[in-house]
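Here is how the chains run, residue by residue.
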Amino acid sequence: MNVLVLGSGGREHAIAWKIRQSKKCTALFCMPGNPGTARIAQNIEGSVKDFNAIKEQILRHDIDMVVVGPEDPLVGGLRDFIESDPQLSRVLFIGPGKSGARLEGSKDFAKEFMSRHGIPTAAYKSFTSAGLAEADRFLESLNPPYVLKADGLAAGKGVLIVDNLPEAKRQLREMLGGKFGEAGNTVVIEQFLAGIEVSVFVLTDGKDYMILPEAKDYKRIGENDKGLNTGGMGAVSPVPFADRDFMAKTEQKIIRPTIEGLKKDGIDYKGFIFIGLMNCAGEPYVIEYNVRMGDPETEAVMTRIESDLLEHLTAAAQGRLSGEKISVSPEEAFTVVCVSGGYPESYEKGFEITGTPYLLENRPDSPVKIFHSGTAVRDGKLVTSGGRVLAVTVNGKGIPACREVIYREMEKIGFTGKYYRKDIGLDLLGPKEK
Ligand code: AMP
Ligand code: GLY
């Protein structure tokens, strides 16, 4: 099969890396890809938002399957565009159409979907500027902290957690006043859920589903979860507190009703669903849906899948997932993200990256894998080109062993301003491991 992966980050590098291992993969393309994917696939210049350019490449390279990394093209209707074009009708596609992508594209839609189908989530109400007085009254009825969410896509910045009422009211006015542009025309106010988060990943063909390995994401820039939110500073899979009992509840109360709900609503969903869950005293609650895989969780999750991902994706796209079985390594996958100094605020780029023999070569037998996020090649040298630069993954037995190997590797990587969190996984150590 000729496969095209859309996107340019560590998530797409990890997906491409896994697909490349399939015997069924004859040719692999990434658009636009990055220097890491260039070693395992043919990179194609272009934007994932340029649907006509994507069509041209599908036809030029005789693509059999398109796998979409980021949410933007899905929310923008890439699946609908491809399905409605007779020249592209035989192309298999991983990712929902516009109607399914509303699970991520509109928080108000996602909350209504959950309440319609009895899926546990925080109590909420949605407001527009016309309902400001009512929104104030709703805030007054809640206990702090207050959770305010812009309805639409806001590049991961649209959620505010505020610890006092006057500040919550002020932020509400700023959001409705255009702080996040149109994404904030509707604001969801919801109850604060106390607990620990876990990212659960599902592949579905719209009728059946396959649960992929779960992961814990480390979102804050600083150690001990301090400082600004980022796109993710590390990931660990499996997650000790997502044990058999918790995952069974998750499947019964959340995953099954989600797939059933999509069916009942007439939404034909073929692709990944990433469910951000809060474990509240052993009970799972949905924080958010995403219609794609997570980053950097994917860089950990893909390395634990032992079965053929391309076969699973083909089955999902063809609506025959019920016969598929995933095989997952019981060992830990441990990912640490190396970022540019200053990220997630302003940072400089263009610094040469040096250090490890794995920088461009992920050997299958090596315990260390490097997935590229924000890198570029300039004058024959690998340089930084983004805030999140590299995601380094180690596979091994137990968190302490993984930590030892990965942090040795992280020290070898060199570029001006390099930063990474040194506490990834510490919170998951068992009492005997501390
Ligand atoms: P979201 O973009 O919906 O994932 O929200 C971003 C982050 O805000 C989540 O990963 C949580 O850490 C936090 N968050 C969102 N909703 C809630 C909630 N109802 N209670 C507590 N924390 C929340
Ligand atoms: N790691 C969280 C996300 O991809 O949204």
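The structure under discussion appears in the preceding block.
Throughout this description, residue numbers start from 1 for each chain and increase along the sequence as written. A letter from A marks each chain and a number from 1 marks each ligand, given out in the order of writing. Where local features are concerned, this predicted model is filtered to residues with pLDDT of at least 70; where side-chain atom pairs are given and counted, the filter is 80 or more; whole-chain, interface and lining totals use all residues. Hydrogens and waters are ignored; side-chain quantities use all the structure's heavy atoms.

Draft legend 1. Broad picture of the overall build of the chain. Secondary structure assignment for the chain yields 12 helices and 22 strands. Dimensions of the chain along its principal axes, counting C-alpha atoms only, are 60 × 55 × 45 Å. Three labels apply to residues, based on accessible area from a 1.4 Å probe with only protein chains included: buried if under 20% of the type maximum, exposed if over 50%, partly exposed otherwise in between. Of all 434 residues assigned to the chain, the portion counted as buried reaches 59%. In the chain, once contacts between residues fewer than 6 apart in sequence are set aside, the share between residues at least 24 apart is 68%. Only carbon and sulfur atoms are counted for the fraction: they give 48% of the accessible area of the chain, which is about 18000 Å². Under the scheme used here, helices are H or I runs from DSSP no shorter than 4 residues and strands are E runs no shorter than 2 residues, and both carry numbers assigned from the N terminus. Here, two residues are considered to be in contact whenever any of their heavy atoms come within 4.5 Å of each other. Surface accessibility in these figures is a Shrake-Rupley result with a 1.4 Å probe; residues are shielded only by whichever protein chains are displayed.

Draft legend 2. Representation of the pairing of strand S9 (residues 187-190) in the model. Side-chain alternation along S9 places Val187 and Ile189 on one buried face and Val188 and Glu190 on a second face that is also buried. For two strands to be treated as a pair, DSSP must find at least two bridges joining them. Inspection of the sheet shows strand S6 (residues 124-127) paired to S9 by 4 bridges, in the antiparallel sense. From the neighbouring strand, Tyr124 faces S9, where its bridge partner is Glu190. The pairing of strand S7 (residues 146-150) with S9 spans 4 bridges and is classified as antiparallel. Considered in S9, the bridge of Leu148 is made with Ile189.

Draft legend 3. Here's a closer look at the site of ligand 1. Here a residue is near a molecule or strand as soon as one of its heavy atoms is found within 4 Å of it. Residues in close proximity to ligand 1 total 15 residues, the closest being Glu190, Gln191, Leu193, Glu197 and Glu288. By the criterion applied in these results, polar contacts are pairs of N or O atoms within 3.5 Å in which, for protein atoms, one can donate a hydrogen and the other can accept it, and in which residues neighboring in sequence qualify only through two side-chain atoms. Contact between ligand 1 and Lys107: an oxygen atom at 3.4 Å from a side-chain N or O atom of the residue. Here ligand 1 has 470 Å² of accessible area as a free molecule, and 88% of this is covered by the chains. Among the secondary structure elements, those contributing two or more residues to the shell around ligand 1 are S7, strand S8 (159-162) and strand S17 (283-290). Residues that form the shell around ligand 1 fall into these classes: 8 nonpolar, 1 polar and 6 charged. Amino acid classes used here: Ala, Val, Leu, Ile, Met, Phe, Trp, Tyr, Cys and Pro are nonpolar; Asp, Glu, Lys and Arg are charged; the rest, including Gly, are polar.

Draft legend 4. Spotlight on the nonpolar core. In this text, buried Ala, Val, Leu, Ile, Met, Phe, Trp, Tyr and Cys residues form a nonpolar core when linked through side-chain atoms within 4.5 Å. Among the nonpolar cores identified, the biggest contains 72 residues, and Leu4, Leu6, Ile58, Val66, Ile275 and Tyr289 are the most heavily contacted of them. Ranked by the residues each element gives to this core, the list is headed by helix H9 (residues 244-264), at 6 residues. Those residues within four positions of Val66 in sequence are excluded, and the remaining contacts are Leu4, Leu6, Ile58, Val91, Leu92, Phe93 and Ile94. Ranked by size, the runner-up nonpolar core spans 40 residues in total, among them Leu212, Met302, Ile305 and Val337.

Draft legend 5. The arrangement of the site of ligand 2 in detail. Around ligand 2, the neighbouring residues are Asp217, Gly231, Phe274, Arg292, Gly294, Asp295 and Glu297. Here a nitrogen atom of ligand 2 and a backbone polar atom of Asp295 are 2.9 Å apart. Note that a nitrogen atom of ligand 2 is positioned 2.7 Å from one of the side-chain N or O atoms of Glu297. For ligand 2, whose free accessible area comes to 200 Å², the fraction covered by protein is 87%.

Draft legend 6. Broad picture of the packing of helix H1 (residues 10-20) against helix H10 (residues 297-304). Convention adopted: a line fitted to C-alpha atoms gives each axis, helices being fitted over their contacting stretch, and angles between N-to-C directions are expressed from 0 to 180 degrees. Between H1 and H10, the least distance of the axes is 8 Å, while the angle of their chain directions is 15 degrees. Of the possible angle classes, the one that applies to H1 and H10 is roughly parallel. The crossing of H1 and H10 is left-handed. Judged by residue contacts, Gly10, Arg11, Ala14, Ile15, Trp17 and Lys18 of H1 engage Thr298, Glu299, Met302 and Thr303 from H10. Grouping the constituent residues of the contact of H1 with H10 by class yields 4 nonpolar, 3 polar and 3 charged. Angular relationships are summarised with four words: roughly parallel below 35 degrees, roughly antiparallel beyond 145, roughly perpendicular across 65 to 115, and oblique for the angles in between. Here a crossing is called left-handed whenever its near helix is offset anticlockwise from the far helix by less than a right angle, and right-handed whenever the offset is clockwise.

Draft legend 7. Main features of helix H7 (residues 132-141). All of the buried residues along H7 are Ala135, Asp136, Phe138 and Leu139. What you see down the axis of H7 is that its buried residues fit within an arc of 160 degrees, all on one side. Facing away from the buried surface of H7 by more than 90 degrees, the exposed residues are Arg137 and Ser141. In this structure, the buried side of H7 is in contact with S6, S7, helix H8 (165-176) and S9. Arc definition: directions from the helix axis to the C-beta atoms.

Draft legend 8. View of the state of the cysteines. Cysteine sulfurs are considered disulfide-paired once they come within 2.5 Å of each other. Following the criterion strictly, the structure yields 0 disulfides and no others. Cys25 takes part in no disulfide bond, and the closest cysteine sulfur, belonging to Cys30, lies 9.7 Å away.

Draft legend 9. Highlighting the sheet that holds S17. Read from one edge of the open sheet, 4 strands run S11-S10-S16-S17, paired in antiparallel fashion. Unpaired on one side and paired on the other, strand S11 (209-211) and S17 mark the two borders of the sheet. In this sheet, neighbouring strand axes are inclined to one another by 35 degrees on average, regardless of whether the strands run parallel or antiparallel. With 3 bridges joining them, strand S10 (residues 196-204) and S11 adopt antiparallel strand pairing. Among the inter-strand pairings, Leu203 is bridged to a residue of S11, identified as Met210.

Draft legend 10. How the structure looks around the side chain of Asp108. With respect to the element layout, Asp108 can be found in helix H6 (residues 107-116). Charge convention: Lys and Arg are scored as positive, Asp and Glu as negative, and His as well as the terminal groups of each chain are ignored. Every case where a carboxyl oxygen of Asp or Glu lies within 4 Å of a side-chain nitrogen of Lys or Arg is listed as a salt bridge. Here Asp108 sits buried without a salt bridge, and the closest side chain of opposite charge, Arg116, lies 9.2 Å off (N-O distance). Asp108 has contacts with Tyr124, Ser126, Asp151, Thr186 and Val188, leaving out every residue within four places of it along the chain.

Draft legend 11. Fine view of the pairing of strand S19 (residues 368-372). By the criterion of burial, S19 is predominantly enclosed, with 5 of the 5 residues buried. Burial of the side chains of S19 extends over both faces: Val368, Ile370 and His372 are buried on one face and Lys369 and Phe371 on the other. The sheet contact formed by S19 and strand S22 (residues 388-396) spans 5 bridges and is antiparallel. Across the sheet, the residue bridging to His372 is Leu390, located in S22.

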